[in-house]
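Overview (structure and organization)
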Protein chains: 2
Amino acid sequence: MKYKTLVLPTRHRLDDVCSVACRKLIEQHCDPIWNELDRDLTAAELSDLIGDAEILLTSWGSPAITAEMLARAGRLRVVAHAAGSVKSLVPESIFDRDIAVFSAAPRIAWSVGEYCLTALLTMLNRLAEWDANVRESGWKSGDLRRRELTKKRVGIVSASSTARAFIRLLEPFNCEVLVYDPYLEAAQMARLGVQKATLEEVMQCEIISLHIPSIPETKHMIGAELLSLIPDGGILINSSRAAVVEEHELIAQLQSGRFLAAFDVFHAEPLRADHPFLSMDNVLLTPHIAGDTVEGHQALMYEVLSDVFGYLGGAQPKYAVDASKWAILA
Amino acid sequence: MKYKTLVLPTRHRLDDVCSVACRKLIEQHCDPIWNELDRDLTAAELSDLIGDAEILLTSWGSPAITAEMLARAGRLRVVAHAAGSVKSLVPESIFDRDIAVFSAAPRIAWSVGEYCLTALLTMLNRLAEWDANVRESGWKSGDLRRRELTKKRVGIVSASSTARAFIRLLEPFNCEVLVYDPYLEAAQMARLGVQKATLEEVMQCEIISLHIPSIPETKHMIGAELLSLIPDGGILINSSRAAVVEEHELIAQLQSGRFLAAFDVFHAEPLRADHPFLSMDNVLLTPHIAGDTVEGHQALMYEVLSDVFGYLGGAQPKYAVDASKWAILA
């Protein structure tokens, strides 16, 4: 028996998130209906098709699943999202039914971890500037020096899956890692090899990385006072959501050049042409790509779907969304 | 009893390699003669002073110690070099006497390891290009994508101390690490978490890092045939010595744009103004700074000297040069 499976991503999106191995996995376990259009389905189209589906495969661009659709989806057992957040994909009420929701967020988190370490090493070592120096002056010029990461104090706000990936990558550097997370006990922190700290202690570290979910409680959580605790020459990284920081204060404090920052997320994306960040040389800007790598995206649907088949066979899932944590979910 | 100690580095060099803690350590254990000149001593000046010294502290710029000087240095027990290679600092005949030679090379190796990982992540993620894109176009442009390091095959030529630092930093990425080193057994490789491989196997990895000492036997060791094994889209890193690669062949193969490379060392330094590397956009150039970081240099004399005092007290030294390995020493 194969699972009736509705594959919502377009061919173009599948090229990104569904490897050859994943297509084989689908053919092996599923009776799939592929999206043959060159565009995402409309809500009406999905509503027409959902009645037969046991598994729904989604990704970026897939239409939101509404309570009305769920009422028609009598056979649905799994929604598997080959992308990150499911909060705008499914209603919380989906958990009232016996439907499991899977997200590839933990796999994406690893790419975000690699982004955080890379952004940090980029700012400490400034190899692109050394390269430009060599090309312009033939050799050394100015007073550029590299800085080591080893043994630095690193502060992490929120022990999310992206934070855990970053913490793992920091391990060989023997950093002192301080974590602020109201939901994690000191004993759990110790198992991660980090110390539980207050938000104020974290913001005083030489290196600070934000991994805060954007929920009503965290809006503008990092304001003027906390930003002023960042030490001179410090480094701030935000790969989570821009809304957690008071942008006006952030701009004001960065304009002094007192500390460095790497931002992958912004209050408005794309950045408006006159945004102050664009003329600052103490910030490293990337266009919301912390979770995007060629290899990471290729792995998304395969990892989620392998986990789904394990779950349907009775195994403990790794990528299933925990309904009890919906409120604090990114 | 304090040790009669000749401190050869200039004040300027001491600011770089001798921390405040190190100065205290010297005052505590030594009866020091500091270099009060604004330049390094001449050979004649060192020759005049060496007779009383029990410990000789050296660094970059210190005059070479000759057999003639050693004949006058009847009380000398330790030469401690707060820098890397000691091969041009002391004659091999120093080991015929009961004089121990210490080098900070293992501490410098750690900074080189950080350089290797940073160069690699810089080329895989290209964050400086993303930043330029955002500033020029306001957001994404072109077909730039990040690549993950996780699970890649990494080939290492020579398991030197710089290679070991790099291997340690690669650990959380779960790479498959292949090492070519004729002096290391498979069992020792396994303890490092790497696999013993042939030079040909190493050169076929997606990522290749050279850590080869520049000795007569290694000159032009990496020639046309080995370079042609590098896979398309591969990455070559050289932080050791340029002489180990046939430059003409390297330039020819890089000009095709077939693979990427990061070079910190060159056949002639500084690079001549018309060097082909300077106009290639698939190479990352740095001016021989792989071992240079602010924090790494600040630690050099302290780490070596702590080890010296331990050794003089009967402990096993960590930074002593092994006379039996002189021939293959970098």
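This structure is a prediction, so every number in the text was calculated from the model and none was measured. (Residues numbered from 1 in each chain as written. Chains lettered and ligands numbered in written order. Predicted model: local features only at pLDDT ≥ 70, side-chain atom pairs only at ≥ 80, totals over all residues. Heavy atoms only, no water.)

Attention shifts here to the overall build of chain A. For chain A, the count of helices and strands is twelve helices and twelve strands. Against the 2.2 N^0.38 benchmark of 20 Å for 330 residues, chain A shows a C-alpha radius of gyration of 22 Å, consistent with a compact globule. Taking the principal axes of its C-alpha atoms as reference, chain A extends roughly 65 × 45 × 40 Å. Counting across all 330 residues of chain A, residues that qualify as buried make up 54%. (Helix = DSSP H or I, 4+ residues; strand = E, 2+ residues; numbered from the N terminus. Rg over C-alpha atoms; globule rule 2.2 N^0.38 Å. Buried < 20%, exposed > 50% of the residue type's maximum accessible area, 1.4 Å probe, protein only.)

Moving on, we get to the domain arrangement of chain A. Interfaces are often sized by the accessible area lost when the parts come together. Residue and element names in this part refer to chain A. Looking at the assigned domains, one finds that chain A contains domain 1 (3-103 + 294-328) and domain 2 (108-285). Placing the centre of domain 1 and that of domain 2 at their C-alpha centroids yields a distance of 33 Å. Counting residues at the interface gives eight residues for domain 1, matched by five residues for domain 2. Across the contact surface, domain 1 and domain 2 share zero salt bridges. Summed over the shared surface of domain 1 and domain 2, the result is zero residue pairs in polar contact (both at pLDDT 80 or more). In terms of residue class, the side of domain 1 that touches domain 2 is built from five nonpolar, two polar and one charged. (Domains from an automatic or database assignment. Contact = heavy atoms within 4.5 Å. Salt bridge = Lys/Arg side-chain N within 4 Å of Asp/Glu carboxyl O. Polar contact = N/O pair within 3.5 Å; in protein donor to acceptor, adjacent residues only side chain to side chain. Nonpolar A, V, L, I, M, F, W, Y, C, P; charged D, E, K, R; others polar.)

Our focus in this paragraph is the packing of helix α5 (residues 105-125) of chain B against helix α7 (residues 161-170) of chain B. Residue and element names in this part refer to chain B. α7 packs onto α5 with a crossing angle of 50 degrees between their chain directions and a minimal axis gap of 7 Å. In terms of their interaxial angle, α5 and α7 are classed as oblique. The element α5 and its partner α7 pack so that their crossing is right-handed. In this structure, α5 contributes Ala105, Ala109, Trp110, Val112, Gly113, Glu114, Cys116, Leu117 and Leu120 to the contact, and α7 contributes Ser161, Thr162, Ala165, Phe166, Arg168, Leu169 and Leu170. In the contact of α5 with α7, the residues fall into eleven nonpolar, three polar and two charged. (Axes fitted to C-alpha atoms, helices over the stretch in contact; angles between N-to-C directions. Parallel < 35°, antiparallel > 145°, perpendicular 65-115°, else oblique. Left-handed = near helix turned anticlockwise from the far one by under 90°.)

All names here are of chain B. Note that strand β1 (residues 3-7) and strand β2 (residues 30-34) share five bridges and pair parallel. What sits directly across from Lys4, in β2, is Asp31. Two strands pair when backbone bridges link them, and β1 and strand β3 (residues 55-58) are joined in this way by three bridges, in the parallel orientation. Note that in β3 the partner of Val7 across the bridge is Leu57. (Pairing = 2+ DSSP bridges.)

So, on to the environment of Ala21(B). Residues and elements named next belong to chain B. As for its position among the elements, Ala21 is in helix α2 (residues 20-29). On the basis of relative accessible area, Ala21 is assigned to the partly exposed category, the value being 41%. Along the chain, Ala21 and Gln298 lie 277 residues apart, while their C-alpha atoms are 9.8 Å from each other.

The next point concerns the relation of the copies chain B and chain A. Superposing chain B onto chain A takes a rotation of 180 degrees combined with a translation of 0.0 Å along the rotation axis, leaving an RMSD of 0.0 Å. Between the two chains, the operation in question is that of a two-fold axis. (Least-squares fit on C-alpha atoms with pLDDT ≥ 70 in both.)

Opposite the 56 residues of chain B that make contact, chain A presents 56 residues. In this assembly, chain B packs against chain A so that about 5000 Å² is buried in total across both faces, 59% of it on carbon and sulfur atoms. Looking only at chain B, the three residues that lose the most surface to chain A are Trp139(B), Arg146(B) and Glu148(B), adding up to 17% of its buried area. Between the two partners, chain B and chain A, sit eight salt bridges. (Buried area = accessible area lost by both parts, 1.4 Å probe.)

Residue and element names in this part refer to chain A. If you trace the five strands from one edge of the open sheet to the other, you get β2-β1-β3-β4-β5, paired in parallel fashion. Strand pairing shows two members of the sheet lacking a second neighbour, β2 (30-34) and β5 (100-103), which therefore form its edges. Strand-to-strand twist across the sheet, computed as the mean angle between neighbouring axes with direction ignored, equals 20 degrees.

Glancing now at helix α6 (residues 127-137) of chain A. All names here are of chain A. Listed in full, the buried residues belonging to α6 are Leu127, Trp130, Asp131, Asn133 and Val134. Each buried residue of α6 lies within a common arc of 160 degrees when the element is viewed along its axis, so the set occupies one face. Positive phi appears at Gly138, one or two residues downstream of α6, with a value of about 85 degrees. (Arc of directions from axis to C-beta.)

Once that is clear, we can look at the nonpolar core. Soluble globular proteins tend to bury their nonpolar side chains together. Counting residues in hydrophobic clusters, the biggest one holds 124 residues, and the most contacted among them are Leu117(A), Leu149(A), Val308(A), Leu117(B), Leu149(B) and Val308(B). When residues no more than four places from it in sequence are discounted, the contact partners of Leu149(B) are Glu114(A), Leu117(B), Leu120(B), Leu121(B), Leu124(B), Leu170(B), Phe173(B), Cys175(B) and Ile207(B). (Core = buried A, V, L, I, M, F, W, Y, C linked by side-chain atoms within 4.5 Å.)

When a strand is regular, its side chains alternate between the sheet's two faces. Residue and element names in this part refer to chain A. The side-chain alternation of strand β9 (residues 207-210) yields two buried faces, one formed by Ile207 and Ser209 and the other by Ile208 and Leu210. For β9 and strand β10 (residues 235-238), the ladder comprises four bridges, and the chain directions are parallel. When the bridges of β10 are listed, Leu210 appears paired with Asn238.

This part takes up the pattern of salt bridges. Overall, the coordinates contain 32 salt bridges over all chains when judged by the stated rule. For the salt bridge of Arg135(A) with Asp131(A), the shortest nitrogen-to-oxygen distance reads 2.7 Å. Of this pair, Arg135(A) and Asp131(A) both sit in helix α6, four residues apart, which is roughly one turn of that helix. Residue Glu171(B) is joined to Arg168(B) by a salt bridge in which the shortest nitrogen-to-oxygen separation is 3.0 Å. Of the residues examined, Arg168(B) reaches a relative accessible area of 29% and is grouped as partly exposed. Through salt bridges with shared partners, a single ionic network connects Arg13(A), Asp16(A), Asp292(A) and Arg145(B).

Looking now at unusual backbone geometry. Both trends apply: most residues other than glycine have a negative phi, and most peptide bonds are in trans. The step from Glu269(A) to Pro270(A) runs through a cis peptide bond, and the omega angle for that step is -5 degrees. In this structure, Pro270(A) sits in the loop between β11 (260-263) and β12 (283-285). Notably, Arg126(B) is not glycine yet its phi reads approximately 50 degrees, a positive angle.

What follows covers the UniProt feature "domain: D-isomer specific 2-hydroxyacid dehydrogenase NAD-binding" (unreviewed entry) in chain A. Those places that UniProt annotates as "domain: D-isomer specific 2-hydroxyacid dehydrogenase NAD-binding" (unreviewed entry) correspond, in this numbering, to residues 118-290 of chain A. End C-alpha atoms of residues 118-290 of chain A are separated by 10 Å, and the span's content is 31% helix alongside 16% strand. (UniProt positions renumbered as here; feature names shortened; annotations may be inferred.)

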